[in-house]
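Single-letter residue listing:
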There are 2 protein chains.
Amino acid sequence: MATGRTHRPATRSRGIPEATVARLPLYLRALTALSERSVPTVSSEELAAAAGVNSAKLRKDFSYLGSYGTRGVGYDVEYLVYQISRELGLTQDWPVVIVGIGNLGAALANYGGFASRGFRVAALIDADPAMAGKPVAGIPVQHSDDLEKIIEDNGVSIGVIATPAGAAQPVCDRLVAAGVTSILNFAPTVLSVPDGVDVRKVDLSIELQILAFHEQRKAGEEAAAGSDGAGPAAARGVSGPASSSTSADQGPDGDVPAVMPA
Amino acid sequence: MATGRTHRPATRSRGIPEATVARLPLYLRALTALSERSVPTVSSEELAAAAGVNSAKLRKDFSYLGSYGTRGVGYDVEYLVYQISRELGLTQDWPVVIVGIGNLGAALANYGGFASRGFRVAALIDADPAMAGKPVAGIPVQHSDDLEKIIEDNGVSIGVIATPAGAAQPVCDRLVAAGVTSILNFAPTVLSVPDGVDVRKVDLSIELQILAFHEQRKAGEEAAAGSDGAGPAAARGVSGPASSSTSADQGPDGDVPAVMPA
DNA sequence: CCATCTTTGTGCACGCGTTCACAAAGACAT
DNA sequence: ATGTCTTTGTGAACGCGTGCACAAAGATGG
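Along each chain, residue indices are assigned from 1 in the same order as the chain's sequence is written. Chains carry letters from A onward and ligands carry numbers from 1 onward, assigned in written order. Note on the predicted model: pLDDT of at least 70 is required for a residue's local features to be given, and 80 or more for side-chain atom pairs to be given and counted; whole-chain, interface and lining totals, by contrast, use all residues. The side-chain values count all of the structure's non-hydrogen atoms but skip hydrogen atoms and water molecules.

Undergrad: Just to check I follow, could you spell out the sheet that holds strand E9 (residues 182-185) of chain A for this structure?
TA: Across a sheet, strands are paired by hydrogen bonds formed along the backbone, either parallel or antiparallel in direction. Two strands form a pair only when DSSP identifies at least two bridges running between them. What counts as a helix is a DSSP run of H or I of at least four residues, what counts as a strand is a run of E of at least two, and both are numbered from the N terminus. The mixed open sheet is built from seven strands, whose spatial order is E6-E7-E5-E4-E8-E9-E10 (chain A). Strands with a single pairing partner mark the edges of an open sheet, and in this sheet they are strand E6 (135-136) and strand E10 (198-201) of chain A.

As structure tokens, then:
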């Protein structure tokens, strides 16, 4: 029982590096766009630009899948779309349940990106009895009492958790016990799962904090160096780390202690 | 003008490795929980377990910030909370705009995680004139015509893009031109930004595809090895890559070509 | 059939991130 | 004051990911 291992530590899955797997959807998206414009072939250079990566990296990524290109020409768009789709497992149907139909859960249910590419929202589950039966995105919400039955009846192996933080771990445990082996977690908590279960997390708060770090660093450098005058951002009121100014201790979430320590 | 560089290639920001920065919010969250329970000190082992990481990694991460621990005892919770908050720039106020108030944008506006830890939703912006003035999460939506003025008046340097894919790049360009230097992108597109602008992307579709890849691999291994009988998941109907079965060619989004190539 | 040109596929080197293992440091009891 | 015990902080080794640079491969034109 490993605690909170987020996603495969270093286990190269069948020869394809994890970093490559993470980029395949990007390539697939770019290729799909080309396919819709009926572009027959594409060079690694062009495709790399569309996907926002280095062309050498892209070629190396594709080399893990096999030699699907033609030297002097490039890659056959349709063929590559098929190969990547197959490699990612998108040629089969993946029923998905979303647990926690609040603002975020409802948004996810309505999100078109789910429906495309083999993913199908099989059920929406919420703990609130008042929600039961209400249709969200055309799908009636079911009560969490029936979670296990829903998972088993639909053969669901991928679960999306969009509950409040406190409910996430219990929901996760029930999903796993019912047979779910892949979880996409939107709740701001570290999930603990048994071996063999994959967890990927999407955490808005963390992403913002990372951006804030770089933003602060940029502001600091800008103040240290001479006034570069790069656009209207230079006149921003970010002067230093000590500008707690107006709203310092407002904490609507019970966070933000920010107290001076001993 | 670098195309589509997602987040700092390898530029170590002021000595703190990028990987460490990405984990600091995790530590901060765990520490905040401890702080609320009035736990005075915590060891690297305990905190690492709470954050779901290796204890050696945690100690090394903290060593980049300085020597804030006491040997034989552990770390002072309050002190660490303060230090990490300061390092991440959370002791100052970060006004944020959300552009694109659809299902997702509205969910983000309502998300409590934004309000906490120094982030403040300064404005909601949408291109639909019918939305203008409507309050979402208590904040009136403003029309995108006023985007530049809103950015400048509020001193916004962090923008969140929750528009459809097609609108993302133009919106991004306008945000950057108006002075935004950090962008959190929820639209399924690769954004092209000038140097000095940070982009982080959150892409549900990509996360799901990565999970599907591992799910497929697990199913394949399970089929190859003898029946392990590990729980009810073993009896799942995922037999092989060729089980396109019932709903093979339903494509509600204009995707999923899945055609056999030449 | 041959020369040329384009583009792939990859060997190689380098740097970052992770993990181990241990010495140094401080708390605590006697 | 001294010894013991806990826990930090870090040197070192290793593995993964990235990018360069080039040889091999095939298309194309004469």
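Undergrad: Can you help me understand helix H8 (residues 165-178) of chain B in this one?
TA: Note that an α-helix has 3.6 residues per turn; residues three or four places apart therefore point the same way. Residues and elements named next belong to chain B. Take the residue count of a helix, subtract one, and multiply by 1.5 Å to get its expected span. With 14 residues, H8 extends 21 Å from end C-alpha to end C-alpha; this agrees with the ideal 20 Å at 1.5 Å per step. Here the term buried applies to any residue with accessible area under 20% of the maximum for its type, exposed to any over 50%, and partly exposed to those in between, with areas from a 1.4 Å probe on protein chains only. All of the buried residues in H8 are Ala-168, Val-171, Cys-172, Leu-175, Val-176 and Ala-178. Contact criterion: two residues are considered in contact whenever any of their non-hydrogen atoms come within 4.5 Å of each other. In this structure, the buried side of H8 is in contact with strand E4 (94-99), helix H7 (147-154), strand E8 (158-161) and strand E9 (182-185). A positive phi of about 120 degrees marks Gly-179, the residue just after H8.

Undergrad: Teacher, can you tell me more about the pattern of salt bridges here?
TA: Think of it this way: side chains of opposite charge can pair up when their charged atoms draw near. Salt bridges are defined as contacts in which a side-chain nitrogen from Lys or Arg sits within 4 Å of a carboxyl oxygen from Asp or Glu. By the definition in use, this model includes 16 salt bridges over all chains. For Glu148(A), the salt bridge is made with Arg174(A), and the minimal N-O distance between the two is 2.9 Å. One end of the pair, Glu148(A), is in helix H7 (residues 147-154); the other, Arg174(A), is in helix H8 (residues 165-178), with 26 residues separating them in the sequence. For Glu148(A), a relative accessible area of 27% translates into the label partly exposed. For Lys149(B), the salt bridge goes to Asp153(B), with nearest N and O atoms at 2.6 Å. Taken together, the residues span about one helical turn, with Lys149(B) and Asp153(B) both in helix H7 at a distance of four residues. By the burial criterion, Lys149(B) is exposed, and Asp153(B) matches it. Beyond isolated ion pairs, a larger network of salt bridges with shared partners links Asp198(A), Glu215(B) and Lys218(B).

Undergrad: When you look at the UniProt feature "binding site: NAD(+)" (unreviewed entry) in chain A in this model, what are you seeing that I'm missing?
TA: The residues that UniProt annotates with the feature "binding site: NAD(+)" (unreviewed entry) are Gly100(A), Ile101(A), Gly102(A), Asn103(A), Leu104(A) and Gly105(A). With respect to the element layout, Gly100(A) can be found in the loop between strand E4 (94-99) and helix H5 (103-110). Tracing the backbone shows Leu104(A) in helix H5. For Leu104(A), the contacting residues outside a window of four places in its chain are Ala162(A), Phe186(A), Leu104(B) and Ala107(B). UniProt positions are given in the numbering used here, feature names are shortened, and annotations may be inferred rather than shown by experiment.

Undergrad: Hey, could you run me through the pairing of strand E5 (residues 119-126) of chain B in this one?
TA: Residues and elements named next belong to chain B. For E5, the tally of buried residues reaches seven of eight residues, placing the bulk of the element in the interior. By the bridge criterion, six bridges tie E4 to E5 in an arrangement that is parallel. Across the sheet, the residue bridging to Val-96 is Val-121, located in E5.

Undergrad: Before we go on, may I ask you to explain the side chain of Asp203(B) in this structure?
TA: Locating Asp203(B) in the fold gives a position in the loop between strand E10 (198-201) and helix H9 (204-224). Pairing of N or O atoms within 3.5 Å defines a polar contact, subject to two protein rules: one partner must be a possible hydrogen donor and the other a possible acceptor, and residues neighboring in sequence count only if both atoms are side-chain atoms. At a separation of 3.1 Å, a polar atom in the side chain of Asp203(B) contacts the main-chain amide nitrogen of Ser205(B). Here Ile206(B) takes part through its backbone nitrogen, which lies 3.1 Å from a polar atom of the side chain of Asp203(B). Asp203(B) has contacts with Arg29(A) and Pro188(B), leaving out every residue within four places of it along the chain.

Undergrad: I tried to follow helix H3 (residues 55-65) of chain A on my own but got confused; where do I start?
TA: Residue and element names in this part refer to chain A. Within H3 the residues assigned to the buried category are Ser-55, Leu-58, Asp-61, Phe-62 and Leu-65. Projected down its long axis, H3 carries its buried residues within an arc of 120 degrees, all on one side. Those residues of H3 that are buried are in contact with helix H1 (18-36), helix H2 (44-51), strand E3 (74-76) and helix H4 (77-88). Capping the start of H3, Asn-54 holds a side-chain oxygen 2.7 Å from the backbone nitrogen of Ala-56, two or three residues further along. Throughout, the arc means that of the directions going from the helix axis to the C-beta atoms.

Undergrad: Hey, could you run me through the protein's contact with DNA strand D in this one?
TA: In this text, near means that some heavy atom of the residue lies within 4 Å of the molecule or strand in question. If you check the shell around DNA strand D, you find 26 residues, and the closest are Lys57(A), Lys60(A), Arg71(A), Ser44(B) and Tyr75(B). Contact between DNA strand D and Ser44(B): a phosphate oxygen at 2.5 Å from a main-chain N or O atom of the residue. Between Gly69(B) and DNA strand D, the recorded distance is 3.0 Å, taken from a backbone N or O atom to a phosphate oxygen. No other element matches H3(A), which puts four residues into the surface near DNA strand D. Side-chain classes are defined by residue name, with Ala, Val, Leu, Ile, Met, Phe, Trp, Tyr, Cys and Pro counting as nonpolar, Asp, Glu, Lys and Arg as charged, and the others, Gly among them, as polar. In terms of residue class, the surface near DNA strand D is built from seven nonpolar, nine polar and ten charged.

Undergrad: Would you explain the environment of Asn103(A) in this entry?
TA: By the secondary structure assignment, Asn103(A) is in helix H5. Judged by relative accessible area, Asn103(A) falls into the partly exposed class, the value being 45%. Counting along the chain gives 59 residues from Asn103(A) to Ala162(A), while the straight-line C-alpha distance between them is 9.0 Å. The residues contacting Asn103(A), other than those within four sequence positions of it, are Ala107(B) and Asn110(B).

Undergrad: Would you take a moment to explain the protein's contact with DNA strand C for this structure?
TA: In the vicinity of DNA strand C there are 26 residues, among which Ser44(A), Arg59(A), Tyr75(A), Arg23(B) and Arg71(B) approach most closely. Sugar plus phosphate: this is where 66% of the atoms of DNA strand C within 4 Å of the protein reside. Within the side chain of Arg59(A), one N or O atom sits 2.9 Å away from a base nitrogen of DNA strand C. Arg71(B) is positioned with one of its side-chain polar atoms (N or O) 2.6 Å from a base nitrogen of DNA strand C. Only H3, strand E2 (69-70) and E3 of chain A together with helix H1 (18-36) and helix H3 (55-65) of chain B provide two or more residues apiece to the surface near DNA strand C. For the surface near DNA strand C, the residue count by class is six nonpolar, ten polar and ten charged.

Undergrad: Honestly, the environment of Ala168(A) in this entry has me stumped. Any pointers?
TA: Residue and element names in this part refer to chain A. Examined against the element boundaries, Ala-168 turns out to sit in helix H8. Residues Ala-168 and Ala-187 lie 19 residues apart in sequence; the distance between their C-alpha atoms is 6.4 Å. The contacts of Ala-168, once residues within four sequence positions are left out, are Ile-161, Thr-163, Asn-185, Ala-187, Thr-189 and Leu-191.

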